[in-house]
Amino acid sequence: NVPKTANVKITIYDVAGREVKTILNEQRFAALEDFVDFDASNFASGVYFYSMQADGDFIESKKMVLVK
């Protein structure tokens, strides 16, 4: 969720910190309302991180675990 309507960028990184996919690139999202589908069928099981940036003043990074 983003705290206000903003242009959002979401990037996925592998455990080594390499960028593996950009899901959104400056797409407009309403505050607390939108969802993003992420197709991980081409990814191996493991630990990944995502970084979500909204208009440069909101940045959030979290870990996610992909289990197939």
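Residues numbered from 1 in each chain as written. Predicted model: local features only at pLDDT ≥ 70, side-chain atom pairs only at ≥ 80, totals over all residues. Heavy atoms only, no water.

Caption draft 1: Quick peek at the pattern of salt bridges. Per the stated rule, a full pass over the model turns up one salt bridge. For the salt bridge of Arg18 with Asp14, the shortest nitrogen-to-oxygen distance reads 2.9 Å. Take Arg18: its relative accessible area is 54%, and that puts it in the exposed class. Residue classification places Asp14 among the buried residues on the basis of a relative accessible area of 12%. (Salt bridge = Lys/Arg side-chain N within 4 Å of Asp/Glu carboxyl O. Buried < 20%, exposed > 50% of the residue type's maximum accessible area, 1.4 Å probe, protein only.)

Caption draft 2: Representation of the sheet that holds strand β2 (residues 19-29) within the structure. Read from one edge to the other, the open sheet built from four strands follows the order β2-β1-β3-β4, with strand pairing classed as antiparallel. Lying at the two open borders of the sheet, with one neighbouring strand each, are β2 and β4 (58-66). Ignoring which end each strand starts from, the neighbouring axes of this sheet average 15° apart. Pairing analysis gives seven bridges linking strand β1 (residues 6-14) to strand β3 (residues 46-54), with the strands arranged antiparallel. For Tyr13, the partnering residue across the bridge sits in β3 and is Phe49. (Pairing = 2+ DSSP bridges. Helix = DSSP H or I, 4+ residues; strand = E, 2+ residues; numbered from the N terminus. Axes fitted to C-alpha atoms, helices over the stretch in contact; angles between N-to-C directions.)

Caption draft 3: Expanded view of a nonpolar patch on the surface. Judged by side-chain polarity, Val15, Val47, Phe49, Val65 and Val67 come together as a nonpolar surface patch covering roughly 460 Å² of accessible area. Its location among the elements puts Phe49 in strand β3. (Patch = residues over 30% accessible without salt bridge, like charges linked within 9 Å, V, L, I, M, F, W, Y side chains within 5 Å. Areas by Shrake-Rupley, 256 points an atom, 1.4 Å probe, with all protein chains shown as cover.)

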